[in-house]
Amino acid sequence: MAANNDSIGRTITVTVLLCVVCSVIVSTAAVLLKPMQLANKELDRQTNILAAAKIDYQGQDVQKLFAEKIITKYVSLKTGEYVDKPVGYKDSKRAAKEPSLSSPLPRKIDIASIKRTANVMPVYLVNQAGQLEKVILPVHGYGLWSTLYGFLALEKDLNTVVGFGFYAHGETPGLGGEVDNPKWKALWPGKKVYAQGSMEPMLGLVKGAVDHSAAGSEFKIDALSGATLTSNGVTNLVKFWMGENGFATYLTKLKAGES
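In what follows, the accompanying structure is described.

Cut-offs and rules
- Residues numbered from 1 in each chain as written.
- Predicted model: local features only at pLDDT ≥ 70, side-chain atom pairs only at ≥ 80, totals over all residues.
- Heavy atoms only, no water.
- Helix = DSSP H or I, 4+ residues; strand = E, 2+ residues; numbered from the N terminus.
- Contact = heavy atoms within 4.5 Å.
- Polar contact = N/O pair within 3.5 Å; in protein donor to acceptor, adjacent residues only side chain to side chain.
- Core = buried A, V, L, I, M, F, W, Y, C linked by side-chain atoms within 4.5 Å.
- Buried < 20%, exposed > 50% of the residue type's maximum accessible area, 1.4 Å probe, protein only.
- Pairing = 2+ DSSP bridges.
- Axes fitted to C-alpha atoms, helices over the stretch in contact; angles between N-to-C directions.
- Salt bridge = Lys/Arg side-chain N within 4 Å of Asp/Glu carboxyl O.

Some words on the environment of tyrosine 142
Examined against the element boundaries, tyrosine 142 turns out to sit in strand S6 (residues 131–142). Distance in space between the C-alpha atoms of tyrosine 142 and valine 234 is 7.9 Å, their sequence separation being 92 residues. Residues within four places of tyrosine 142 in sequence aside, it is in contact with Ala112, Ser113, Thr147, Leu148 and Gly233. Looking at tyrosine 142, its side chain comes within polar contact range of the main-chain oxygen of tryptophan 145, at 3.0 Å.

Things to note about the nonpolar core
By size, the foremost hydrophobic cluster in this structure holds 45 residues, and its most contacted members are Trp188, Trp241, Met242, Phe247, Tyr250 and Leu251. At five residues, the largest contribution of residues to this core is made by helix H5 (residues 228–241). The contact partners of leucine 251, leaving out residues within four places of it in the chain, are Val135, Leu137, Leu154, Leu158, Tyr194, Met199 and Met242. In terms of nonpolar packing, the next biggest core, distinct from the first, is built from 15 residues, Ala52, Phe66, Ile70 and Ile136 among them.

Overview of the sheet that holds strand S2 (residues 82–83)
What links the strands of a sheet is backbone hydrogen bonding, and the strands pair in either a parallel or an antiparallel sense. The antiparallel open sheet is built from six strands, whose spatial order is S2-S1-S5-S6-S7-S8. Across the chains shown, the open sheet's two edge strands, defined by having one partner strand only, are S2 and strand S8 (161–168). Note that strand S1 (residues 70–76) and strand S5 (residues 120–128) share seven bridges and pair antiparallel. Residue pairing for S5: lysine 73 is matched across the bridge by valine 123. Strands in contact with helix H2 (residues 62–69) are S1 and S5; relative to S1, the strand with the most contacts, it is inclined by about 60 degrees. Along the sheet face, H5 touches S5, S6, strand S7 (147–155) and S8 and points at about 130 degrees away from the line of S6.

Quick look at the pairing of S6
As paired strands, S5 and S6 are joined by five bridges and run antiparallel to one another. Each bridged residue has a counterpart across the sheet, and for leucine 125 the counterpart in S6 is valine 135. Between S5 and S6, which pair antiparallel one after the other, the connecting turn spans two residues, and alanine 129 there sits at a positive phi close to 55 degrees. Summarising the sheet, S6 and S7 pair through nine bridges and their orientation is antiparallel. Counted as the bridge partner of valine 135 is leucine 154 from S7. Between the antiparallel neighbours S6 and S7 lie four residues.

Some points on the pattern of salt bridges
Using the criterion set out here, one finds four salt bridges in the structure. In this structure, the salt-bridge partner of aspartate 91 is arginine 94, at a minimum N-O distance of 3.0 Å.

Describing unusual backbone geometry
Even without glycine at this site, lysine 115 takes up a positive phi of about 70 degrees. Of note, lysine 115 is situated in the loop between strand S3 (102–104) and strand S4 (116–118). For leucine 158, which is not a glycine, the phi torsion comes out positive at approximately 60 degrees. Mapped onto the elements of the fold, leucine 158 is located in the loop between S7 and S8.

Dropping the structure here:
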């Protein structure tokens, strides 16, 4: 009986020691790999911004290219003016969860189902010979299963779409996940966000193939087949971020040369 107890005791001791050793190894690996993970995350962000702006980054040093081509600024959504990066601000996603850096959205205006917005958002500018060529805006909103995070790039007229793409989402592969399909993303360049003389966003997804010869087709994108809720989510997030509670105030001031 004593020998059996000794065997059980040894088994428990070995198990505990093994768990401790594995925990130390996993924790050490997590600490050592964190800088690399953060660097890869930043590289992915820069790559997606360049892709939205239709800047060829293939075969190039992305970090160097980004530093040469992109100017990062921070904008107050309330005033539409450039501001300093807030103290404690890491990124807009985390800022939206921090009460001191964000504001709640009343349900009636929260068409993108994001609940809170960061008070300050980053914007990315492409300048050529001192003149604005493109502006890339971060956007996000809820689809069917997840929040979709992406970038919408506009030409210097601040109305014509250069490119649009998502870098993170959890939508259904083959359905809502078709937001990643290059053929669908290729439908966006050249589309218009606003009608002439208005800052009310018109751009959105519609069921069926868009008749490009019909009036108003410049504001329409083919919906994702079999993914109505994801399509609605994309439309809503575009309308929110291009509207008065998003970047419309900033874009208005930028057009007028006030930002």
